[in-house]
Structures are given as structure tokens and as C-alpha cells.
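# Structural overview
Given next are the chains, with one letter for each unit.
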Amino acid sequence: MSGSSLIDELPGELLMWVLIISELLVFGAGLIAFMGVRLTDPTGFAEAQSHLHRTGAALNTAVLVTSGYLAAMALHWRQTERGKAARFSLIGAALLGVVFLIIKGIEYADKAAQGISFETHPFFLFYYLLTGFHAAHVLAGVGVLLLVAWHDHPRNIEAGAQFWHMVDLVWIMLFPVIYLLG
Amino acid sequence: MSALSSCSKYGRRRLLNPLTRTWVALLALTVASALLIPLPIPRSALAAAILLLALIKSRLILARYLDLAHSPAWLRGFSFGLICFAVVLFGLYLI
């Protein structure tokens with residue numbers, strides 16, 4: 001009788017994967033609801049979407065992807081006994097997370113200056129809910145990255161990096177749906 | 001000579017690091033998504049291309065950053081789920 005199961009094949013902690021799958025399902029349901037409500041007013045959704053800054057969002061994608069790379073490299077470096085490089089890499093990943101939030105803040109401030117709120121159109125209700133909930137995860141992720149840079153056991157770094165990659169993965173699916181599919 | 005050769009070999013190995021290759025690929029796919037938007041192609045083809053690029057990026061993150069490349073069954077499962085999700089989004093977009 002074999003002692004290994006499919007669950008054992010998952011890298012890292014099982015609980016982290018439960019969290020990753022739960023978050024993907026929550027954001028996935030939100031994006032499907034967004035596309036469902038879009039059916040009631042496709043022209044209005046396209047017009048509302050034209051107020052978004054695609055360039056800023058694409059830049060934020062590059063920022064998050066680069067941050068994810070640094071988090072992945074941190075684990076690689078920690079596993080190869082290069083603890084200092086790992087710590088710097090995690091701090092760099094966290095700083096890029098802050099850059100993401102600053103760009104997002106500028107985007108929100110621009111919407112506010114245009115008099116756009118979540119009540120302006122259903123598009124913006126979903127926009128603020130989904131991107132705001134994601135930004136809350138980025139904020140939490142920055143804290144997690146800094147925490148594992150401090151307590152830098154490889155298992156901690158692996159869990160922190162996995163959380164950060166989940167945040168990255170959510171944005172990769174959120175960006176095209178909210179910003180590009182007009 | 002041997003030091004140079006060793007240095008060049010080390011540099012090449014670093015460049016070929018799968019994590020670095022993944023990062024470069026993700027950046028290239030992000031730029032490709034942005035460049036697609038102004039192209040004069042039918043909106044359904046544009047939506048399909050944008051979702052396809054997002055799927056490729058997601059799979060790269062799952063396989064390389066989340067290390068599911070070493071757990072092929074899980075990678076297939078996640079990929080299947082994401083493909084179903086993208087098909088639903090595309091279907092809703094076309095209606």
C-alpha cells in the first residue's frame with residue numbers, strides 16, 4: 001500500500017492551497033457576476049470602461065509580475081543558503097507591492113476627481129469591489145512578505161511567496177476582464 | 001581561459017534559470033496584451049486572444065512560481081479549471 005497520495009504532491013502546506021483555491025473561486029465568481037451583469041447594459045459597460053487607465057493597469061501588471069519573480073527567487077536563494085539575497089529579494093517584492101498600491105491609489109484618485117463613485121454605474125460597483133478587494137490582498141501580502149523576510153525559515157518564505165503568487169494570479173485574470181474586454 | 005569559460009557557463013546558467021525565463025515570458029505576454037488593444041481585428045477575436053494570453057500567464061505562474069510543474073496532476077486540474085473559467089467568460093462576452 002503506497003503511503004503517498006495526490007495531496008502529498010502539492011508543494012508547501014495544504015492549508016495554503018485551500019486558501020489559494022478559495023480565493024480563486026471567490027474572485028472567479030465575482031468576475032463571472034461582472035460579465036453576467038454586463039449583459040444587461042453592454043454599451044454602458046463599454047463606455048464606463050473607457051474611463052479606466054489601461055496603461056496604468058498594464059504597468060501594474062508588470063510591477064506585480066516582477067514582484068512575484070522576486071518572491072520566487074527569494075525562496076530559491078534561501079534554499080541555496082543565500083539568506084541575505086533572499087531577504088533583500090523579499091523586501092524588494094514588498095516594495096513593488098507598495099508601488100502597485102500607489103498606482104492603484106492614483107487611479108482611484110483620478111476616478112474621484114472625475115466624480116466617479118461606485119454608485120455612478122454598475123460597472124464601477126464591480127470595479128471598486130473587485131479591484132479594492134484585490135488591493136486589500138496586496139496590502140496583506142506586503143505585510144506577509146515583510147514578516148517572512150524577518151522570520152526567514154524556508155517554510156515561511158514558501159508560504160509567503162505562495163500567498164503572493166495567488167495575489168498575482170488573481171490580478172492576471174482580473175486585469176483583462178475589468179480593463180480590456182470592453 | 002578556463003576561468004572565462006567557467007564564468008560564461010555560469011552566466012548562461014543564470015540566464016537560463018526557469019524563474020527568470022518565466023518572468024521574461026510574463027512581461028512579454030503583458031506587453032502583447034496591451035499591444036493587441038488598438039489592432040483593427042474583430043472584437044470577438046480580440047477577446048479570445050486577450051483571454052488566451054491571460055490563460056498562458058496563469059499557467060506559467062502555477063507551473064513555475066507555485067511550482068506545480070512538479071505536480072503534473074494538479075497542474076492539469078488547475079489548468080482545466082482556468083480554461084473552463086475563460087470559456088464561461090468568453091461565452092458571456094459573446095452573448
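Conventions used here
Residues numbered from 1 in each chain as written. Chains lettered and ligands numbered in written order. Predicted model: local features only at pLDDT ≥ 70, side-chain atom pairs only at ≥ 80, totals over all residues. Heavy atoms only, no water. Axes fitted to C-alpha atoms, helices over the stretch in contact; angles between N-to-C directions. Helix = DSSP H or I, 4+ residues; strand = E, 2+ residues; numbered from the N terminus. Parallel < 35°, antiparallel > 145°, perpendicular 65-115°, else oblique. Contact = heavy atoms within 4.5 Å. Nonpolar A, V, L, I, M, F, W, Y, C, P; charged D, E, K, R; others polar. Buried area = accessible area lost by both parts, 1.4 Å probe. Salt bridge = Lys/Arg side-chain N within 4 Å of Asp/Glu carboxyl O. Buried < 20%, exposed > 50% of the residue type's maximum accessible area, 1.4 Å probe, protein only.

Here we come to the packing of helix α1 (residues 14-38) of chain A against helix α4 (residues 72-94) of chain B. Following both chains from N to C, one finds α1 of chain A and α4 of chain B inclined at 10°, their axes separated by 9 Å at the closest point. Of the possible angle classes, the one that applies to α1 of chain A and α4 of chain B is roughly parallel. Across from Trp17, Ile21, Leu24, Gly28, Leu31, Ile32, Met35, Gly36 and Arg38 of chain A in α1 of chain A, the residues of α4 of chain B making contact are Phe78, Phe85, Val88, Leu89, Leu92 and Tyr93 of chain B. In terms of residue class, the contact of α1 of chain A with α4 of chain B is built from twelve nonpolar, two polar and one charged.

Next up on the list: the interface of chain B and chain A. With 35 residues of chain B at the interface, the matching set in chain A holds 39 residues. At the boundary of chain B with chain A, total buried surface from both sides reaches about 3400 Å², with 80% on carbon and sulfur atoms. If you sort the residues of chain B by the area they bury against chain A, Leu66, Trp74 and Phe85 of chain B come out on top, with a joint share of 18%. On inspection of chain B and its partner chain A, the count reaches zero salt bridges. Sorting the residues of the side of chain B that touches chain A by element identifies α2 (18-36), α3 (43-65) and α4 of chain B as the ones contributing at least two each.

This next bit is on the pattern of salt bridges. Residue and element names in this part refer to chain A. Here the structure, examined in full by the defined rule, presents five salt bridges over all chains. The partner of Arg155 in a salt bridge is Glu13, with the nearest N and O atoms 2.8 Å apart. Separated by 142 residues along the polypeptide, Arg155 in helix α6 (residues 154-180) and Glu13 in the segment before α1 bring together distant segments of the chain. The class for Arg155 is exposed, based on a relative accessible area of 55%. Where Asp152 meets Arg87, a salt bridge forms, and the shortest distance between an N and an O atom there is 3.6 Å. Here the residue Asp152 occupies a position in the loop between α5 (122-150) and α6, and Arg87 occupies one in helix α4 (residues 83-113), the gap between them amounting to 65 residues. By relative accessible area, which is 16% here, Asp152 ends up buried. Salt bridges here are not isolated pairs; linked through shared partners, they connect Arg78, Arg87 and Asp152.

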